[in-house]
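The residues making up each chain are set out below.
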Amino acid sequence: MASATTDPRPISILKCARCGAANRIAPSPSGAPHCGTCGRPLPWLVNASESTFEVEVRAAPTVVVDLWAPWCGQCRFVGPILEELSRELAGRLKVVKVNVDENQGLALRYDARSIPTILVMCDGQVVDRIVGVLPKPDLVARVTPQLKPPRSAPVSKP
Ligand SMILES: [Zn+2]
């Protein structure tokens, strides 16, 4: 049993953009992580692998998946933009980075023949995909319509 290498609840260290505190955060399908020190929403950016992808994309906020590789120059352009968005849209967006060299099954599954490929996901469903580089304002314009209200009220069941 190689259970030690497959943690179903991977812990990510998220640094607070306000106070700098490091927070240990596990994926959650509800809510968004807040800083344990100052209470601000945390920039939610994680690295996922084939074993953690499903649990990482099951998040309440809109998820942006960055299918990238270290050798890809355009990916090095898009990566920092997504980091900025995770800070600017803290609490409303989760960025999940997937290295396609290390996770070729996910690259195949999402047809990432050209990278960077960005998937916009809501509630586990792909609602938009962006192939190649977009300037930040264009990327924001594509992602913003998929964002949920800042504090969604509890869903009332009929
Ligand atoms: Zn803080």
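Since the model is a prediction, treat every value here as computed from it, not as a measurement.

**Q** What is the right way to look at the overall build of the chain in this model?
**A** Looking only at helices and strands, the chain features four helices and seven strands. Beginning at the N terminus, the succession of helices and strands in the chain can be written as β-β-β-α-β-α-β-α-β-β-α. A burial count over the chain gives 30% of its 158 residues as buried. Counting only contacts in the chain whose residues sit at least 6 apart along the sequence, the fraction spanning at least 24 positions is 60%.

**Q** I'm lost on the pairing of strand β2 (residues 22–25) in this one. Help?
**A** A regular strand carries its side chains on alternate faces of the sheet. By the bridge criterion, four bridges tie strand β1 (residues 12–15) to β2 in an arrangement that is antiparallel. By the bridge assignment, Leu14 is partnered in β2 with Asn23. Between β1 and β2, which pair antiparallel in sequence order, lie six residues; one of them, Gly20, sits at a positive phi of approximately 85 degrees.

**Q** How do you make sense of the sheet that holds strand β3 (residues 44–48) when you look at a structure like this?
**A** The strands that make up a sheet are held in pairs by hydrogen bonds between backbone atoms, and each pair lies either parallel or antiparallel. Read from one edge of the open sheet, five strands run β3-β5-β4-β6-β7, paired in mixed fashion. The two strands at the open ends of the sheet, each matched to only one other strand, are β3 and β7 (125–131). On average, adjacent strands in this sheet sit at an angle of 20 degrees to one another, irrespective of strand direction. In terms of strand pairing, strand β4 (residues 62–68) meets strand β6 (residues 117–122) through five bridges, oriented antiparallel.

**Q** Mind showing me how you'd approach the environment of Val120 here?
**A** Within the fold, Val120 resides in strand β6. It is 9.1 Å that separates the C-alpha atoms of Val120 and Asp66, two residues lying 54 residues apart in sequence. Discounting chain neighbours no more than four positions away, the residues touching Val120 are Thr62, Val64, Val127, Asp128, Val143 and Gln146.

**Q** For this particular structure, what's the right way to read helix α2 (residues 73–88)?
**A** In an α-helix, one full turn covers 3.6 residues, which means residues spaced three or four apart are oriented alike. Its 16 residues place the ends of α2 24 Å apart at the C-alpha level, agreeing with the 22 Å of an ideal helix rising 1.5 Å per residue. Considered for burial, the residues of α2 that qualify are Cys75, Val78, Leu82, Leu85 and Ser86. Each buried residue of α2 sits inside an arc of 100 degrees when the element is viewed along its axis, so together they form one side. Exposed side chains of α2 directed beyond 90 degrees from the buried face belong to Gly73 and Pro80.

**Q** Even after reading the chapter, I still don't get unusual backbone geometry, so can you show me in this structure?
**A** A negative phi angle is the norm for most residues apart from glycine, just as the trans form is the norm for most peptide bonds. Of note, the amide linkage connecting Ile115 to Pro116 takes the cis form, showing an omega dihedral of 0 degrees. Even without being glycine, Asp111 reaches a positive phi, approximately 55 degrees. Its location among the elements puts Asp111 in the loop between α3 (104–109) and β6. Accessibility expressed as a C-beta count within 10 Å gives 11 for Asp111, which makes it exposed. Residue Asp123 is not a glycine yet carries a positive backbone phi of 55 degrees. Relative to the helices and strands, Asp123 resides in the loop between β6 and β7.

The rules we used
Residues numbered from 1 in each chain as written. Predicted model: local features only at pLDDT ≥ 70, side-chain atom pairs only at ≥ 80, totals over all residues. Helix = DSSP H or I, 4+ residues; strand = E, 2+ residues; numbered from the N terminus. Buried ≥ 20, exposed ≤ 12 C-beta atoms within 10 Å, placed from the backbone. Contact = placed C-beta atoms within 7 Å. Pairing = 2+ DSSP bridges. Axes fitted to C-alpha atoms, helices over the stretch in contact; angles between N-to-C directions. Expected span 1.5 Å × (residues − 1). Arc of directions from axis to C-beta.

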